[in-house]
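Single-letter residue listing:
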Amino acid sequence: MTRKTRIRAAVVTATAVIAAGTFAAGAATAGPVEAGKPSKAQVAALFDTWNAALQTGDAEKVADLYAKDAVLLPTVSNKIRTDRAGIVDYFEHFLANKPVGTKIQTVVNVLDSNSVIDAGTYQFALTDHETGEKRVVKARYTYEYEKRGGEWKIVNHHSSAMPEG
């Protein structure tokens with residue numbers, strides 16, 4: 001992990017801690033380069049691309065939205081994922097439950113033309129791949145995106161189930 005990534009991870013963690021007291025906290029996708037700073041609506045819409053990738057059921061397509069050195073702290077796993085193989089592994093298991101994400105609340109912080117944070121709360125409708133039982137998991141999230149190679153990539157994604165269930 002580069003020094004810049006470690007510093008950004010610390011900033012994102014601090015932002016999430018502060019945000020948890022007022023709105024909760026994160027998610028991700030690639031998109032074309034646009035001149036100047038992105039709008040908050042453009043940043044919030046990156047989730048739609050990420051959610052659409054989930055709907056393909058293809059863990060590789062989801063992992064394509066993450067930077068090579070991304071950090072994923074996933075909702076339904078205790079293992080921190082710090083490389084593509086780990087991210088693909090997580091999504092192979094997560095996608096088996098046919099997740100459909102819905103944002104509940106989002107707060108966007110545009111840091112500059114190449115760095116943004118999207119934090120808030122979302123929920124996932126899941127279907128157990130063995131029993132067919134449906135459930136909803138509510139979580140707080142933080143997504144940090146950087147524009148790399150002309151595309152927005154997720155560099156840090158933290159998601160944790162809401163403590164009150």
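Residues numbered from 1 in each chain as written. Predicted model: local features only at pLDDT ≥ 70, side-chain atom pairs only at ≥ 80, totals over all residues. Heavy atoms only, no water.

1. A few points about helix α2 (residues 40-56)
Line of reasoning, step 1. All of the buried residues in α2 are Val 43, Leu 46, Phe 47, Trp 50, Asn 51, Ala 53 and Leu 54. All buried residues of α2 lie within an arc of 155° about the axis, which places them on one face of the element. Exposed residues pointing more than 90 degrees away from the buried face of α2 are listed as Ala 41 and Asp 48.
Line of reasoning, step 2. Gly 57 sits one or two residues past α2 and shows a positive phi near 75°. (Buried < 20%, exposed > 50% of the residue type's maximum accessible area, 1.4 Å probe, protein only. Helix = DSSP H or I, 4+ residues; strand = E, 2+ residues; numbered from the N terminus. Arc of directions from axis to C-beta.)

2. A short note on the pattern of salt bridges
Line of reasoning, step 1. Enumeration according to the criterion identifies seven salt bridges in this entry.
Line of reasoning, step 2. Among the salt bridges present, the one from Arg 84 reaches Glu 60, with a minimum N-O distance of 2.7 Å. Separated by 24 residues along the polypeptide, Arg 84 in helix α4 (residues 84-95) and Glu 60 in helix α3 (residues 59-63) bring together distant segments of the chain.
Line of reasoning, step 3. Relative accessible area serves as the criterion here: at 36%, Arg 84 is assigned to the partly exposed category.
Line of reasoning, step 4. Owing to a relative accessible area of 39%, Glu 60 belongs among the partly exposed residues under this scheme.
Line of reasoning, step 5. The closest approach of N and O atoms between Arg 148 and Glu 146, which form a salt bridge, is 2.9 Å.
Line of reasoning, step 6. The class for Glu 146 is buried, based on a relative accessible area of 6%.
Line of reasoning, step 7. Each of Glu 60, Asp 64 and Arg 84 takes part in salt bridges that share partners, so that together they form one network. (Salt bridge = Lys/Arg side-chain N within 4 Å of Asp/Glu carboxyl O.)

3. Section: unusual backbone geometry
Line of reasoning, step 1. Even without being glycine, Lys 98 reaches a positive phi, approximately 50°.
Line of reasoning, step 2. Note that Lys 98 resides in the loop between α4 and β2 (100-112).
Line of reasoning, step 3. On the accessibility criterion, Lys 98 (59% relative accessible area) is exposed.

4. Observations concerning the sheet that holds β2
Line of reasoning, step 1. One open sheet holds the five strands; their spatial order is β1-β5-β4-β3-β2, and the pairing between them is mixed. Across the chains shown, the open sheet's two edge strands, defined by having one partner strand only, are β1 (66-73) and β2. The average undirected angle you get between the axes of adjacent strands in this sheet is 20°.
Line of reasoning, step 2. As paired strands, β2 and strand β3 (residues 115-127) are joined by eleven bridges and run antiparallel to one another. Counted as the bridge partner of Asp 112 is Ser 115 from β3.
Line of reasoning, step 3. Across the sheet, α2 is in contact with β1, β2, β3, β4 (134-148) and β5 (151-161); its angle to β2 comes to roughly 140°.
Line of reasoning, step 4. α4 contacts β1 and β3 of the sheet and is inclined by roughly 55° relative to β1. (Pairing = 2+ DSSP bridges. Axes fitted to C-alpha atoms, helices over the stretch in contact; angles between N-to-C directions. Contact = heavy atoms within 4.5 Å.)

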